[in-house]
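Summary of structural features
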Amino acid sequence: MNRVAEVVRGLLGVVNPLGWVVLVLGVLAGAVATVAHWRELAVIAAACGLLLVVALPFLVGRTRVRVDLTPEPERVLAGESVAVGVDVTNLAGRRLLPTVLELPVGEARHRYGIPMLAPVGNPGAEHEESFTIRTERRGVIAVGPATTRRGDPLSIFSRDVTWTGVREVLVRPPMVPLETLGAGLLRDLEGVTTEAVSPSDLAFHALREYVPGDDLRHVHWRSSAKASSRGTGDTQLLVRQYLDTRRSHALIVVDDAAASWADGDDFETAMSVAASIAVRAVLDGFETSFVCGAHAASGQGESGGNRSLDAICRAELRPAADDTGLVAAARRAARVAPDTSLLFLVSGSGTGYDQFQRAAASYAPEVRRYAIRVDRTGTSRVIEAAGLPVLSLATKDDLPGLLRWSVR
């Protein structure tokens, strides 16, 4: 039964709106002509039937082609252009009749007339089209799927076949160059030091007296000898203490609640801020993570930076709910990047300082924390809110100066 229903839907699917108009008009005209004996209506009914009969042969046969989509590049900054190539190759052993290729690009739909193509393996078996996508704002532009339409010139009947999937063009927000995020942080070969004392690491901190159970490999023999010679003659051993180090990890958390932002432009400024910090973190050799609502990414090196930038392209605002807002995003991010050493909390003018404090409380005290509050109606400045630096940002171009005086 299901197979029969699928066949019926397939047959009805080849009838276009104009085909239904011709079919209904022909049936009604024929019925009225039979009852009322109107010769004029009989002619109309016959003409409609003739149109349907003439259009049917255009559906006969199969379309066998290969369609290749090649957007280049697939990642661009807002304002840049993307060149897209569409290559259609006839794979059949006979000529391909002229057909129409439809290609959705974002909200638009491109249509190309494909001329008659020679059989596979012969000159003229391929046809190429190209066009340019001009990007304006951050986001994701879907290209495809490519569909061929086989049918009559009047578009009474047509049969659509999809040949490709969807290719995505990721449009990154405009960014500003930043100075190193590592300025003023105690760095060593492995990462950033914390305040936690450890018996074994790379960052030397101090000496203390030996207690049973200490590893003798950490005894500082020269200092032990000097301490013993100044004492009563008893041997006094001193062991090294270290500060725990962690690999530098920059985490950017952006508020996804629509109520936190004055408008969409403030949110786009926040995306530019997040992207700028992510790029700088990669250049500084940090592991980089980004979280905004359901979109999260983390990784090391250039690939990790690209994953974060891809997530920034996809980020979007959502209506208020239990899982939206800066605090919820910060708690989610703490699970994504538990080894964070440098944290940036980004929100809009609708977020109070108490919410920044609650979001920052999800992280250990040794994590360097900064809040960025985007408000295009205010002035750019830095204030201290209960020990948390809050950067009020009026425009993304002020970000380098604010960070220069804040991240030390």
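This report concerns the structure included in the present document. Values in this document were obtained by computation on a predicted structure and should not be read as measured data.

Describing the nonpolar core
If you look at the biggest cluster of nonpolar residues, it comprises 35 residues, and the most contacted ones within it are V254, I277, F290 and I372. Looking at which element gives the most residues to this core, the answer is helix α5 (residues 264–283), with nine residues. Here I372 is in contact with V273, I277, F344, L345, V346, S347, F356, L391, L393 and L399, once residues within four sequence places are set aside. If you look at the next biggest cluster of nonpolar residues, it comprises 22 residues, including V105, I141, V169 and V171.

Points about the packing of aromatic side chains
As enumerated under the stated definition, the model contains three aromatic pairs in all. Ring centres of W261 and F267 lie 5.4 Å apart, and the angle between their planes is 80°; on these two criteria the pair is classed as edge-to-face. Overall, the relative accessible area of 6% leaves W261 in the buried class. Since its relative accessible area comes to 3%, F267 is described here as buried.

Observations concerning the sheet that holds strand β19 (residues 381–385)
The mixed open sheet is built from seven strands, whose spatial order is β16-β15-β14-β17-β18-β20-β19. Looking at which strands have only one partner, the edges of the open sheet turn out to be β16 (295–299) and β19. Taking each pair of neighbouring strands and ignoring which way they run, the sheet shows an average axis angle of 20°. Relative to strand β15 (residues 287–292), strand β14 (residues 249–254) runs parallel, the two being bridged by five bridges. Note that in β15 the partner of L251 across the bridge is S289.

Some thoughts on the pattern of salt bridges
Side chains that differ in charge, positive against negative, can pair when their charged atoms come close. Tallying each qualifying case throughout the model produces 16 salt bridges. The salt bridge partner of E102 is R111, with a shortest N-O separation of 2.9 Å. Overall, E102 belongs to the buried group, its relative accessible area being 7%. With relative accessibility at 54%, the residue R111 sits in the exposed group.

Focus: a nonpolar patch on the surface
On the surface, L12, W20, L23 and V27 cluster together to form a nonpolar patch covering roughly 350 Å² of accessible area. A per-element tally of the nonpolar patch places helix α2 (residues 17–36) first, with three residues. The class of W20 is partly exposed, set by a relative accessible area of 36%.

Quick word on the packing of helix α7 (residues 326–336) against helix α8 (residues 353–360)
Two numbers describe how α7 lies on α8: the axes approach to 8 Å, and their chain directions differ by 15°. Regarding the angle of α7 to α8, the classification is roughly parallel. The two elements α7 and α8 meet at a crossing, and its hand is right-handed. Residues L326, V327, A330 and R331 of α7 lie in contact with α8, whose contacting residues are Q355, F356, R358 and A359. In terms of residue class, the contact of α7 with α8 is built from five nonpolar, one polar and two charged.

Quick word on the sheet that holds strand β6 (residues 126–134)
The strands making up a sheet associate through backbone hydrogen bonding, with each pair oriented either parallel or antiparallel. Overall, antiparallel pairing links the three strands, which are arranged β1-β3-β6 in an open sheet. Each of the sheet's edge strands pairs with one partner strand only, and the pair in question is β1 (65–72) and β6. Averaged over all pairs of adjacent strands, the angle between strand axes in this sheet comes to 15°, irrespective of strand direction. Two strands pair when backbone bridges link them, and strand β3 (residues 81–90) and β6 are joined in this way by nine bridges, in the antiparallel orientation. Note on β6: the bridge partner recorded for V84 is F131.

Parameters at a glance
- Residues numbered from 1 in each chain as written.
- Predicted model: local features only at pLDDT ≥ 70, side-chain atom pairs only at ≥ 80, totals over all residues.
- Heavy atoms only, no water.
- Core = buried A, V, L, I, M, F, W, Y, C linked by side-chain atoms within 4.5 Å.
- Buried < 20%, exposed > 50% of the residue type's maximum accessible area, 1.4 Å probe, protein only.
- Helix = DSSP H or I, 4+ residues; strand = E, 2+ residues; numbered from the N terminus.
- Contact = heavy atoms within 4.5 Å.
- Phe/Tyr/Trp six-rings, centres within 6.5 Å; stacked < 30°, edge-to-face > 60°.
- Pairing = 2+ DSSP bridges.
- Axes fitted to C-alpha atoms, helices over the stretch in contact; angles between N-to-C directions.
- Salt bridge = Lys/Arg side-chain N within 4 Å of Asp/Glu carboxyl O.
- Patch = residues over 30% accessible without salt bridge, like charges linked within 9 Å, V, L, I, M, F, W, Y side chains within 5 Å.
- Areas by Shrake-Rupley, 256 points an atom, 1.4 Å probe, with all protein chains shown as cover.
- Parallel < 35°, antiparallel > 145°, perpendicular 65-115°, else oblique.
- Left-handed = near helix turned anticlockwise from the far one by under 90°.
- Nonpolar A, V, L, I, M, F, W, Y, C, P; charged D, E, K, R; others polar.

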